[in-house]
Amino acid sequence: MDESIISKYDEMLFTPGHRACPGCGASIAVRAILEATGPDVIVVSPTGCVETFTAQYPYSPWGVPWLHVLFENAAAVASGVEAALKKRGLADKVKVIVIGGDGGTHDIGLGALSGMMERGHNVTYICYDNEAYMNTGVQRSSATPMGASTMTSPAGTLAWGKEQPKKNLPAIALAHGIPYVATASIAFPKDLTRKVKQALAIKGPKYIEVHSPCPIGWGFDAAQTIEIARLAVQTGLVPLYEVSEDQPLQVRKLPKRVPVVEYLRLQRRFRHLFEAEGRQAYLNLIQAIADENVIRYKLGEQNSEIDQN
Amino acid sequence: MAHGKLSVMEGSMAIAQAIKACRPDVVSAYPITPQTHIIESLAQMVANGELDAEYIRADSEFSAASILAGASATGVRAYTASSSQGLLLMTEVIYYLARTRLPVVFTGANRQVTAPIGLQPDHQDTMSFRDAGIIELYVEDVQEAYDTHLQAFKIAEDHDVLLPVMVCVDGFVLTHVYEPVKTFEQADVDAFLPPYDPAHYMTPEKPMVFGSGTDDLNTMEFHYMNHQAVLRARDKIEAVAREYEAMFGHYHGGLIDTYATEDAEVILVAMGSVIGTLREAVDILRGEGVKVGLIKVRSFRPFPTEALKQAVGRAGAVAVFDRALSFGFQGVLATDVKTALYDAPHRPLVLGLMAGFGGREVNLDTVREIVQRARRALDAGRVPHEAEFIGLKTETLPQVFV
């Protein structure tokens, strides 16, 4: 192998050459997360997109130790890694984080995540939320938003996509009384890395949910990933906030909100809401979710206290 | 030779004493009968400062096994115990541990599998891991349970092996029984079992990937390597048993143990706590002039193919006690015994006998009936059914089954 190639990528924590799709939001999230952690970290990933596109033997883009066990147990595995680091006297030096998708977090891995949070492990759990089972071909998860058509919640003559709202996992995490919960978006990478650094500085369980659009599953041009992510935030559908023991609720304010239809109409998964007659009621329901977020998270007020990068 | 201390102790306490002496770094468990006394004893040892381990009370058996996967991959010694449904819930992780060569030690406190739900022992739970790629050792009494747990870590962590080991202990019959047990000083156990020296583990100093995906180009090679590792464990199990004997004076067999097999016409084959009953029965029947012998299968995986062939010798019939059934086929142990003896120099008749399910008693009368069946088969020159149910209460069955 060409030595210059080895040295060029030797210092990178997440190298190019992995198998993510063009425009993959999750891969952008991983790069930003590792920028925040630095090299002294052990990363645990459940089965999912990140696992699939980064870990095909004998190749690996990971410049940090990375452990994949199964789909539904990343938080438990991370608990064990943390316990072992304690026994080896490395608990203060080496951080433990999870990078997992919404299927492995909101659905099949929720029991293990709840256990990790309840036991109080010093683990930062980061969910890259692409709002469905993308790796298996776009099936509905409990993080899929209301109205989205997926392969298992398809729109049809009688159905208008997923009927239930997105599961509010940050609220479930908060209910465990853990010291830090945040939401972030790949459209705001500095905010994302700052939140990861903030979480790593706090001892105990932390939960961060990163909204990470998927061009294939959502149906938009791969060049638009960041724009889609930004619109999701600007509509109020994805409120960006953080809650810690010191500061009850810090939010990214939305001085000028964008109507949800401007976000929805760019994506194939919501196309049925615009094509058929009589679907305006559903669009109103989705707009109501955004309106409710504005009230619940106080997104509309001025004088934001957090960095507006 | 180490002297040890003889005391009367519950089986679960003896196992907990053995685990403490092995100095595990991480213990994680979830309660299930009849495993509970083991994990309660370990919790008390940690609470009293007698055991310096991270003890993680998991939210399920699945999480307990997953926690140990993370701990073992980070380079420390890890242990758990479970039973029945708990072991089945761990199944996915147990396959993973074997394939990633993480030498976690398990106690399988045997209990029947639901449904119907029940607490008593058979081997349906642990024998479901036949093809997981782990090592499974079955013990016959409390002393062997203590001794085999000390051996288990040494076998599991050997760099030629690096596989999970499950020590299978019949629930209640062994976990809740009080027997005289000789336990050994910490210094002697330390001399036998050195600290864990992981072959590879997660550290930022040398980043490494655990649990990659493979495709058609590499999967078979991983299978082959795992197969070879389990096969290599055959010599290691025997060697560790002999090393243990030299140091502590106890030998319960390596892959198998034999009893009165030399001139036997009928040989009983079994695993677990029933072996004690069978030894007594063999003595009594021998006193009556019946040429019967006994083979204890101690290692179910790796399977003792060559040892069985040799031990069976010229016996005409082999009667396998099975406490696990492959529904629609036959007893699980009988299947393997038949396979092992297929090309034996003197292939015997092999009877597959379902006995002891859900903790049903196996006593002298059971053994007499089995020996009679074996003799009838020898007279007839054939075995009537591939799976015979001993003591089946046909009067309680719906008419269609009778």
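None of these values were measured; they are calculated from a predicted model.

Focus: helix α4 (residues 74–87) of chain A
Residue and element names in this part refer to chain A.
Logical step 1: For α4, with 14 residues, the first-to-last C-alpha span of 20 Å sits near the 20 Å given by 1.5 Å per residue.
Logical step 2: The buried count for α4 comes to twelve of 14 residues, which makes it a mostly enclosed element.
Logical step 3: Positive backbone phi, at 75 degrees, marks glycine 89, one or two positions downstream of α4.

Looking at the interface of chain B and chain A
Logical step 1: Of the residues lining the interface, 35 residues belong to chain B; the matching set on chain A comes to 38 residues.
Logical step 2: Elements with a minimum of two residues in the side of chain B that touches chain A: β2 (26–29), β3 (54–57), α3 (61–73), α5 (91–99) and β9 (209–210) of chain B.
Logical step 3: The class makeup of the residues in the side of chain B that touches chain A is 18 nonpolar, 13 polar and four charged.
Logical step 4: Judged from the two bridges that link them, strand β2 (residues 66–68) of chain A and β9 of chain B form a sheet pairing that is parallel. Paired with tryptophan 66 of chain A across the two strands is valine 209 of chain B, which belongs to β9 of chain B.

A few points about the sheet that holds β2 of chain B
Residues and elements named next belong to chain B.
Logical step 1: In spatial order, the strands read β3-β2-β4-β5-β7-β6-β13; together these seven strands make up an open sheet with mixed pairing. Single-partner strands in this sheet number two, and they are β3 and β13 (299–301). Ignoring which end each strand starts from, the neighbouring axes of this sheet average 20 degrees apart.
Logical step 2: In this structure, strand β5 (residues 105–110) lies alongside strand β7 (residues 165–170), joined through six bridges in parallel fashion. Counterpart to phenylalanine 106 in the pairing with β7 is methionine 166.

Let's talk about the domain arrangement of chain B
Residue and element names in this part refer to chain B.
Logical step 1: Here chain B is described as being made up of domain 1 (5–248) and domain 2 (256–401).
Logical step 2: With 26 residues of domain 1 at the contact, the number on the domain 2 side is 19 residues.
Logical step 3: Residue assignment for the side of domain 1 that touches domain 2 shows that the elements contributing at least two residues are β6 (135–138), β7 and α8 (219–248).
Logical step 4: With five residues, α8 is the single largest residue contributor to the side of domain 1 that touches domain 2.
Logical step 5: Grouping the amino acids of the side of domain 1 that touches domain 2 by side-chain chemistry returns 13 nonpolar, six polar and seven charged.

Criteria and thresholds
- Residues numbered from 1 in each chain as written.
- Chains lettered and ligands numbered in written order.
- Predicted model: local features only at pLDDT ≥ 70, side-chain atom pairs only at ≥ 80, totals over all residues.
- Helix = DSSP H or I, 4+ residues; strand = E, 2+ residues; numbered from the N terminus.
- Expected span 1.5 Å × (residues − 1).
- Buried ≥ 20, exposed ≤ 12 C-beta atoms within 10 Å, placed from the backbone.
- Contact = placed C-beta atoms within 7 Å.
- Nonpolar A, V, L, I, M, F, W, Y, C, P; charged D, E, K, R; others polar.
- Pairing = 2+ DSSP bridges.
- Axes fitted to C-alpha atoms, helices over the stretch in contact; angles between N-to-C directions.
- Domains from an automatic or database assignment.

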